[in-house]
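Here is what each chain is made of, one letter per residue.
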Amino acid sequence: MSQPGDPSATPAPAGVLRLAEDRPRDYQRGPVDWDAGTYHRVSEPQLEWAREVLDRLPLRGDETVLDAGCGTGRVARELLARLPRGRVIAVDAAPAMVRRARSELPARVDVRQIDLLELSLPERVDAVLSTATFHWIADHERLFRRLAAVLVGAGRLVAQCGGRGNIDRVRRTADEVGARAPFGTHLGGWAGPWNYAGPEETERRLLGAGFAAARCWLAPRPVRPPDPPAFVRAVCLRAHLDRLPDELREPFVAAVVRELGQPLELDYVRLNIDARMPGETPDRRAAA
Ligand SMILES: C[S@@+](CC[C@H](N)C(=O)[O-])C[C@H]1O[C@@H](n2cnc3c(N)ncnc32)[C@H](O)[C@@H]1O
């Protein structure tokens, strides 16, 4: 089975990131680990955005909802508060994120370490919530098929991730700094890890994956992080740092932050996704 970055995989459709053949082994294998401690501390903007997404998900309170790409569990905690008689399944691929989510969340939350591209669950869920995750995944066709496979009839997908144009200025600056010595041998010519899709192609992919209705739209959400180096290091440049040797990581972050200037405003653009599966009757058979 192909992984993101597998050069033997079928050609990427327009808009889907095809990862470079020369990327480090970690990326050829798929998702890598995160600095969960720093992410937990600096992810206030992501939590704010997630609350908007949660507000779009109508809940009675007794449903089972999957948090797809739960990170350290901050969003799953808020989701749980809206499900007094329901259940939360929280899934993430990164071991450090899963460990942190398990320590942050009550034991009744089922936290699993799973790559969403290989997702299977023991039961179907009424809804999937996902925030700030899909742009880390190259193959959206496969992702949406996996999510559709775990949803009940008429189940909902409500999500938000980085969309077309997201952090364009940060990316350009990281490309420019990354092309120079001493970073160029590690980062030069690398397109970056992200898949910032547009609404039209995403709607098309959702319908192709089996959703009956899909509505997607972009929304600018500029961010002024209180601790710019920590935020840029743990979030924006996380994958860049994986490609650099230890001694070049801090100099790279410092150079990018310096070139972005003060006050630092990050040009975030979010892709919102609301989709619904066909059918009326919930069916909770195994969703493997
Ligand atoms: C920016 S964090 C978002 C976490 C949380 N949803 C939030 O809004 O704060 C992105 C998360 O996506 C996860 N992720 C990326 N690719 C994934 C994949 N293929 N399968 C599962 N999780 C993935 C990462 O491990 C990381 O925890």
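Above this note sits the structure.
Reading the values: rules and limits
Residues numbered from 1 in each chain as written. Predicted model: local features only at pLDDT ≥ 70, side-chain atom pairs only at ≥ 80, totals over all residues. Helix = DSSP H or I, 4+ residues; strand = E, 2+ residues; numbered from the N terminus. Buried ≥ 20, exposed ≤ 12 C-beta atoms within 10 Å, placed from the backbone. Pairing = 2+ DSSP bridges. Axes fitted to C-alpha atoms, helices over the stretch in contact; angles between N-to-C directions. Parallel < 35°, antiparallel > 145°, perpendicular 65-115°, else oblique. Left-handed = near helix turned anticlockwise from the far one by under 90°. Contact = placed C-beta atoms within 7 Å. Nonpolar A, V, L, I, M, F, W, Y, C, P; charged D, E, K, R; others polar. Right-handed = clockwise from strand over helix to strand, strands pointing away. Near = placed C-beta within 6 Å. Core = buried A, V, L, I, M, F, W, Y, C linked by C-beta atoms within 7 Å.

## A word on the overall build of the protein chain
Here is step 1 of the chain: Scanning the protein chain from terminus to terminus reveals twelve helices and seven strands.
Here is step 2 of the chain: Burial statistics for the protein chain: of 288 residues in total, 44% are counted as buried.

## A closer look at the pairing of strand β7 (residues 269-276)
Here is step 1 of the chain: Two elements, strand β5 (residues 151-162) and β7, share seven bridges in a ladder whose sense is antiparallel. Counterpart to valine 158 in the pairing with β7 is aspartate 274.
Here is step 2 of the chain: In terms of strand pairing, strand β6 (residues 213-220) meets β7 through eight bridges, oriented antiparallel. Counted as the bridge partner of proline 220 is valine 269 from β7.

## Some points on the packing of helix α10 (residues 228-236) against helix α12 (residues 246-260)
Each pair of packed helices gets described by two things: the angle between the helix axes and the distance between those axes.
Here is step 1 of the chain: For the pair α10 and α12, the least separation of the axes is 10 Å and the interaxial angle reads 120°. With respect to their mutual orientation, α10 and α12 come out oblique. Crossing of α10 against α12: the hand is right-handed. Between α10 and α12, the residues in contact are Pro228, Pro229, Val232 and Arg233 and Val253, Val256 and Val257, respectively.

## Looking at the packing of helix α3 (residues 44-55) against helix α4 (residues 74-81)
Here is step 1 of the chain: In the contact formed by α3 and α4, the axes pass within 10 Å of each other and the chain directions differ by 35°. When you trace α3 past α4, the crossing you get is right-handed. Along the contact surface, α3 presents Leu47, Ala50, Arg51 and Leu54, while α4 presents Arg74, Val75, Glu78 and Leu79.
Here is step 2 of the chain: When the residues that make up the contact of α3 with α4 are grouped by side-chain class, the tally is five nonpolar, no polar and three charged.

## Focus: the pairing of β5
Here is step 1 of the chain: Counting buried positions over the twelve residues of β5 gives ten, a clear majority of the element.
Here is step 2 of the chain: Inspection of the sheet shows strand β4 (residues 125-131) paired to β5 by six bridges, in the parallel sense. Bridged to valine 128 within β5 is leucine 157.
Here is step 3 of the chain: Handedness of the crossover joining β4 and β5 through helix α6 (residues 140-150): right-handed.

## A few points about the sheet that holds β5
Here is step 1 of the chain: Read from one edge to the other, the open sheet built from seven strands follows the order β3-β2-β1-β4-β5-β7-β6, with strand pairing classed as mixed. The open sheet terminates on both sides in strands that have one partner only, identified here as β3 (110-113) and β6. Within this sheet the neighbouring strands show an average axis-to-axis angle of 15°, counted without direction.
Here is step 2 of the chain: Sitting on the sheet, α6 is in contact with β1 (64-68), β4 and β5, with an inclination near 145° to β5.

## Examining the site of the ligand
Here is step 1 of the chain: The immediate surroundings of the ligand are formed by 22 residues, with Gly69, Gly71, Ala93, Ala94 and Leu116 found nearest.
Here is step 2 of the chain: Elements supplying a minimum of two residues to the shell around the ligand: α3 and α4.
Here is step 3 of the chain: Along the lines of polarity and charge, the residues of the shell around the ligand split into 13 nonpolar, six polar and three charged.

## Looking at the nonpolar core
Here is step 1 of the chain: In terms of nonpolar packing, the biggest core is built from 80 residues, with Ala76, Ala90, Val125, Val128, Leu147 and Val256 touching the most fellow members.
Here is step 2 of the chain: Of the residues forming this core, the biggest block, six residues, is contributed by β5.
Here is step 3 of the chain: Discounting residues that sit within four places of it in the chain, leucine 147 has contacts with Ala68, Val128 and Leu157.

## Details of the environment of valine 53
Here is step 1 of the chain: Topologically, valine 53 is positioned in helix α3.
Here is step 2 of the chain: Between the C-alpha atoms of valine 53 and glutamine 160, which are 107 residues apart in sequence, the distance is 6.8 Å.
Here is step 3 of the chain: Not counting residues up to four positions away in its chain, the partners in contact with valine 53 are Leu129, Thr131, Val158, Ala159 and Gln160.

On their own, these measurements won't tell you what the molecule is for.
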